[in-house]
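# Coordinates in review
What follows is each chain in one-letter form.
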Amino acid sequence: MNDYPMYIDGGFCEASDGGRFDSVNPATGLVWATAPAATEEDVDRAVRAARRALHEGEWATMTPTQRGKVLFRLADLVEEHAEILGSVETTDSGKLAVETRGQSAYVAEYYRYYAGLADKIQGATLPIDKPDMHVYTLAEPIGVVAGIVPWNAEMLLTATKAAPALAAGNTVVIKSSEEAPAPVLEFARLVDQAGFPPGVFNLITGFGEPCGRALTSHPLVSRVSFTGGADTARHVVVNTANNFAHLSLELGGKSPILIFDDADLGGAVNGAVAGNFGASGQSCVAGSRVFVQSGIYADFIDEVVKRAEAVRIGDPLDADTQMGPLATREQRDRAEAVIAESIAQGATLHTGGRRPDGFDAGWYFEPTLLACPDQDIRSTRVELFAPVMSALKFETEEEGIALANDTEFGLGSGVFTQNLARAHRVARAIHSGIVWINTYRAISPVSPFGGFGQSGYGREAGLDVMHEYTRTKAVWVNTSQEPMANPFVMR
Ligand code: TXE
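Residues numbered from 1 in each chain as written. Predicted model: local features only at pLDDT ≥ 70, side-chain atom pairs only at ≥ 80, totals over all residues. Heavy atoms only, no water.

In this section: empty space enclosed by the protein. Summed over all chains, the structure comprises five cavities of 30 Å³ or more. Roughly 60 Å³ of volume is contained in the largest cavity. Considering the residues around the largest cavity, the lining is formed by Gly 253, Lys 254, Gly 281, Ser 283, Ala 286, Ser 288, Glu 383, Leu 384, Phe 385, Ala 386 and Val 388. When its residues are assigned to classes, the lining of the largest cavity shows five nonpolar, four polar and two charged. (1 Å grid on protein atoms, 1.4 Å probe; cavity = no way out; pocket = protein on both sides within 12 Å on 5 of 7 lines; lining within 4 Å. Points joined across faces, edges and corners; volume = space filled by probe spheres on them. Nonpolar A, V, L, I, M, F, W, Y, C, P; charged D, E, K, R; others polar.)

Quick look at the structure:
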C-alpha cells in the first residue's frame, strides 16, 4: 500500500483533519494507494502559500532566466523518472504503461518548451499618438494559478497547466483527480528536488467538494485552468464568479473522423482505431463518430472488426498489451447502458459491447463497433470515454462535413483522404479546435490544444497560451520638460 502525502508550501503534508481516501487499481478492482483528502483549510493554506511566493521571497525576485533554469531542472528529473511516473499512472488509471511511460518522458518536453520561453515574454514600446509621451507595456504574471486535472492524463495535463504558468512567473496550485491521485503525488517528489522556492508549486488531492470548489472560488486565485467534464465545468464557471479568475475549459467532446473513398484504407483504419481504442477510448479527443464514404464503407467495417477482435486486452503494465481496463466501474457501466440503448434505437453491433471473457476483476471492456443509421442514435451524441466507435455512412463531401459539424462539441477531428485540396477544404469547414489530416491523436507543446462550443474555451500548449498566463500593464511616461498641464481636460 502506498500512502502518499500532499505537497504544500515546499513540504509534504497530510490533510488538516487527517482524512484520506483510497485509490483503486482498475486492472484489479483493488485499493493500492491512499491520498490525503484536502479540506478547505488545506486549500486556503496552499493558495496563501502560492500568493506569498508570488510577491515575497526568492521566486518574486528571480530573473526570468533563473526561473527557466528551475523548469529545465524539473524537465530533466521528469525524464529520468519517466519509468516510475508511468508505472504509477498505469497502476492508478489503467492506462497502458507503454503509453504512460512514453508520455511521461515526453512531458519533460513541455517543461523544456516553456522553460525556454521564460525569458522571451516581452512587453512592447508603443508608437503612441501623443507628443512627449513614452508608453510601454509589461507582461506581468497573472497571479496564483489553479489547475484542476482529471484522471485520464494526469502528468500531461499537470504540465500543460503548470509549465506555462510557472514560466510566466506565476505560482501554482494543482488539484489532481480523486479517481487517480497517485501520479501527481509521485511527481511531487521531483518538484521538491527541482529547487522551486516554497509555495511556488503546490500539489493537492481531494474531491470536487470541498477541495475543487474551494480552490476555484478562492479570492486569491487569479486564473483557473480546468480539464474535465462539462457538468463540473458549469460549477467551475459559477465558482469563478466569486474571484473573477480568468478561466480556460477543456471539456472533451464527440470528435468526428471523416474517411473519404480515396483514403488509404490501412491508414484510415489505424486513425479510427487510435481515435477510439487508444487509451481504451478515454481520451478527450476520442474520434468516436466515424463518417465513412459509401464506396469504402463495407471494407472499413470489415477491417475494423478484424482489428478490434485482434486487440490484445490485458494487464496495462504488460508491454504486449494493447488495451487495458477503463478507469472506473462507472465508466464501464455507462458504456454498457448506452450501447444497449443505441442497439434498441436501431444501431447494429458489429463487435464488442461486452466485458471480455476471463476478466472477472477490473473494469475491462471489449473494443466495440456500432454501425449507426443516423445521429439520433445515443452513442453518436454522448461522450462515452470508453472504446466504442460509432460508424456512419455518407455520400458527398458536403454531406460528410454537415454530419461532422452536427454536434454541440468542437475539440478534435480527423480527415483521411489522398486529395490535397479536399484535405485543406475540409479542415477549414470543420468546426473544431484541432484537425488531424491522415493522422490522429498527435500532440505537442508547440501546438495549441483546445476546443469550441461545449468542448470549452481557452487553449493549452503553444506559444499563444503565454498571453493567458500574463496580464498586460501599460506604463505612461511624460518625457516633456513641462510640468503636467490643465488637470480638467483629458490629455
Ligand atoms: O470528471 P469531473 P469525471 C468527461 C468524460 C467523463 C466525464 C466525467 O466524459 O465521463 O467528464 O468525468 C474536479 N469544482 N471527462 O467525473 O467530475 C474533480 O475533482 C472544481 C473529459 O472524472 O469533471 C476532478 O479533479 N473542481 C475530460 C476534475 O474536476 C471540481 C477528462 C474533473 O472531474 C468540482 C475527464 C468542483 N465543483 C472527464 N467537482 C477531458 N476533457 O479530457 C469536481 N471537480
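With that settled, the discussion passes to the sheet that holds strand 6 (residues 125-126). Spatially, three strands are ordered 6-7-21 in an open sheet, and the strand pairing comes out antiparallel. The open sheet is flanked by strand 6 and strand 21 (470-478), the only strands paired with a single partner. As judged from the two bridges shared by strand 6 and strand 7 (residues 133-141), these two strands associate in the antiparallel manner. Its bridge partner being in strand 7, Leu 126 is matched across the sheet by Val 135. (Pairing = 2+ DSSP bridges. Helix = DSSP H or I, 4+ residues; strand = E, 2+ residues; numbered from the N terminus.)

The terminal C-alpha atoms of helix 5 (residues 97-117), which comprises 21 residues, lie 30 Å apart, in line with the 30 Å expected from a rise of 1.5 Å per residue. Taken residue by residue, helix 5 has Ala 97, Thr 100, Gln 103, Ser 104, Val 107, Ala 108, Tyr 110, Tyr 111, Arg 112, Tyr 114, Ala 115 and Leu 117 as its buried positions. Contacts made by the buried residues of helix 5 are with helix 3 (64-80), helix 4 (82-93), helix 6 (154-167), helix 7 (182-194) and strand 10 (201-205). (Expected span 1.5 Å × (residues − 1). Buried < 20%, exposed > 50% of the residue type's maximum accessible area, 1.4 Å probe, protein only. Contact = heavy atoms within 4.5 Å.)

Before going further, it helps to spend a moment on the environment of Val 200. With respect to the element layout, Val 200 can be found in the loop between helix 7 and strand 10. The buried category is assigned to Val 200, whose relative accessible area is 0%. Along the chain, Val 200 and Ala 46 lie 154 residues apart, while their C-alpha atoms are 9.6 Å from each other. If sequence neighbours within four positions are ignored, Val 200 has contacts with Ala 53, Trp 59, Leu 166, Thr 171 and Val 172.

Parsing the protein into structural domains produces domain 1 (2-250 + 461-475) and domain 2 (256-437). Averaged C-alpha coordinates put domain 1 and domain 2 at centres separated by 32 Å. Listed by partner, the interface residues are 20 residues for domain 1 and 22 residues for domain 2. Here domain 1 and domain 2 share an interface that buries about 1500 Å² over both sides, 64% of which is from carbon and sulfur atoms. Summed over the three residues of domain 1 that lose the most area to domain 2, namely Pro 26, Leu 96 and Trp 151, the buried surface amounts to 32% of that side. Viewed at the interface, domain 2 and domain 1 are joined by zero salt bridges. At the boundary of domain 1 with domain 2, the tally comes to three residue pairs in polar contact (both at pLDDT 80 or more). At the level of elements, helix 4 and helix 5 are the ones that each hand at least two residues to the side of domain 1 that touches domain 2. Taken together, the residues of the side of domain 1 that touches domain 2 sort by class into seven nonpolar, eight polar and five charged. (Domains from an automatic or database assignment. Buried area = accessible area lost by both parts, 1.4 Å probe. Salt bridge = Lys/Arg side-chain N within 4 Å of Asp/Glu carboxyl O. Polar contact = N/O pair within 3.5 Å; in protein donor to acceptor, adjacent residues only side chain to side chain.)

Attention now moves to the site of the ligand. In the vicinity of the ligand there are 29 residues, among which Trp 151, Lys 175, Glu 178, Gly 229 and Glu 383 approach most closely. Within the backbone of Val 149, one N or O atom sits 3.0 Å away from an oxygen atom of the ligand. In the model, a nitrogen atom of the ligand is placed 3.1 Å from a nitrogen or oxygen of the Glu 250 main chain. Surface burial for the ligand is 85%, taken as the share of its 820 Å² of free accessible area covered by protein chains. Cavity membership is defined here by more than half of the atoms lying within 2 Å of grid points; on that basis the ligand lies in the largest pocket. Sorting the residues of the shell around the ligand by element identifies strand 9 (171-176), helix 8 (208-216), strand 11 (221-227), helix 9 (230-243) and helix 12 (329-345) as the ones contributing at least two each. Each of domain 1 (2-250 + 461-475) and domain 2 (256-437) accounts for three or more of the residues forming the shell around the ligand. (Near = heavy atom within 4 Å. Areas by Shrake-Rupley, 256 points an atom, 1.4 Å probe, with all protein chains shown as cover. Sits in = over half its atoms within 2 Å of the grid points.)

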